[in-house]
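# Analysis of the macromolecular model
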Amino acid sequence: MSRLLAVLLLALFSSPALMAQSKDADKLVGVWQPSDGRSYVKIDKIGNKFYGRVVWLKEANEEDGSPRLDKNNPDESLRSTPLKGYRVMKDLVYNEDEKMWLDGTIYDPKNGTTYNCKIELMDDNKIEVRGFVGTAVFGRTDVWTRLQKKK
Amino acid sequence: MRKIIFFLGFIALAACSADLAQLEVEKNLMLQGEMLFEDAANTLTMDNDQDLITLIEEAGLTTDQVESVGISEAKITLSSSEKSIAESLLLQVVSDNNQLITLGTLNPLPEGAIVNLKLAEEIDLKPYLEDSGCTWVLDLNLSGDADEMAIKSKIKLVVNYKEN
């Protein structure tokens, strides 16, 4: 009986905390524009992880009108994948203690390189996206802005 | 000396791989999703409904015997309305403790209702099929508008296992 009570009390007190954690984590979900303004990336959630896809590209096509492809992918068999729709950001997990999304990767189609990635929310509509190799000290940070619906 | 080392290495490799056998398993997927973006990238998903144990139990194998699980074929069936607006396909898989990986891609789509994806190299699905939260993910670029989609896929998995 006492064990049941303990479980019920735990559930009662932990669920608001879990809900708040999930709410904070889900602040990353949305459509974001990197600082160069040449693309929009939609970040959504699959399972417990966050992923970013290119949903708009300023230059979606090559000069001949064909779609721009992931021609620098290290896996030759995947080089016919169009960049529009590409998942450039993968496997980010929200860390409640650090208030950051960590342990993910970000892909640079310009050179076919995948970097480690972490994201920090600056305010509700701005995020700091850091791509790095090995330790976070060696990398580059870009500020992305959330696209908002016109009122 | 180098020749002897090479020869011994070859013998060791042959000995290790000699008792590996293959089992081919067909798996049906039904990927569903709401098409949120018109003329853009959209996503369909399916929670995995067969873990590694259920995949191999008919063959009387145990998970300890399984060395790796590859993929030899991925077919996607599209209705005529889906086909008319689908530009490209990208099939992936993810699980709680494993990264999202690409299984196959196709761009542009050829004629016909059933299309074969071009498969990625060197994939091992074993850690995904043994993990929680395994999800099949189909990304597709649309050149039109749709509300919801449910797309059938048939994949052939190749289970590499040690014979007892």
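Residues numbered from 1 in each chain as written. Chains lettered and ligands numbered in written order. Predicted model: local features only at pLDDT ≥ 70, side-chain atom pairs only at ≥ 80, totals over all residues.

## Comments concerning the overall build of chain A
Looking only at helices and strands, one finds one helix and eight strands in chain A. Across chain A, helices and strands are ordered from the amino to the carboxyl terminus as α-β-β-β-β-β-β-β-β. With 151 residues in all, chain A has 25% of them scored as buried. A sequence separation of at least 24 residues applies to 32% of the contacts in chain A between residues at least 6 apart. (Helix = DSSP H or I, 4+ residues; strand = E, 2+ residues; numbered from the N terminus. Buried ≥ 20, exposed ≤ 12 C-beta atoms within 10 Å, placed from the backbone. Contact = placed C-beta atoms within 7 Å.)

## A few points about the interface of chain A and chain B
Facing the 19 residues of chain A at the interface are 22 residues of chain B. The set of elements that each furnish at least two residues to the side of chain A that touches chain B consists of strand E3 (49-57) and strand E4 (87-95) of chain A. Here the element with the most residues in the side of chain A that touches chain B is E3 of chain A; it accounts for five residues. By residue class, the composition of the side of chain A that touches chain B is six nonpolar, six polar and seven charged. (Nonpolar A, V, L, I, M, F, W, Y, C, P; charged D, E, K, R; others polar.)

## Notes on the confidence of the model for chain B
Averaged over every residue, the pLDDT of chain B is 88; the share at 70 or more is 87%. As scored by the predictor, the complex reaches a pTM of 0.81 and an ipTM of 0.73. (pLDDT = per-residue confidence, 0-100.)

## Quick look at unusual backbone geometry
Put simply, Asn107 of chain B and Pro108 of chain B share a cis peptide bond, and its omega is -5°. Following the sequence through the fold, Pro108 of chain B ends up in the loop between strand E5 (98-106) and strand E6 (114-116). Of note in the backbone geometry, Asp91 of chain A takes a positive phi value of approximately 60° without being a glycine. Its location among the elements puts Asp91 of chain A in strand E4. Phi at Glu122 of chain B is positive, roughly 45°, even though this residue is not glycine. Counting through the fold element by element, Glu122 of chain B comes out in the loop between strand E7 (118-119) and helix H4 (126-129).

## Some words on the environment of Asn48 of chain B
Residue and element names in this part refer to chain B. Within the element layout of this structure, Asn48 appears in the loop between strand E2 (41-47) and helix H2 (52-56). Taking the number of C-beta atoms within 10 Å as the measure of exposure, Asn48 has 20 and is therefore buried. Sequence separation between Asn48 and Ser80 is 32 residues, and the spatial gap between their C-alpha atoms is 27 Å.

## Remarks on the sheet that holds strand E6 (residues 113-123) of chain A
Taken together, the eight strands give a closed barrel; going around it, the order is E1-E2-E3-E4-E5-E6-E7-E8 (chain A), and neighbouring strands pair in antiparallel fashion. Taking each pair of neighbouring strands and ignoring which way they run, the sheet shows an average axis angle of 30°. (Pairing = 2+ DSSP bridges. Axes fitted to C-alpha atoms, helices over the stretch in contact; angles between N-to-C directions.)

## Structural notes on the pairing of E6 of chain A
All names here are of chain A. The pairing of strand E5 (residues 100-108) with E6 spans seven bridges and is antiparallel. Bridging across to E6, Asp108 finds its partner in Thr113. Hairpin connection of E5 to E6: four residues between the antiparallel strands, including Gly112 at a positive phi of 70°. Summarising the sheet, E6 and strand E7 (residues 126-132) pair through seven bridges and their orientation is antiparallel. Looking at the pairing, Ile119 lines up with Val129 of E7. Here E6 folds back onto E7, and the loop between the two strands holds two residues.

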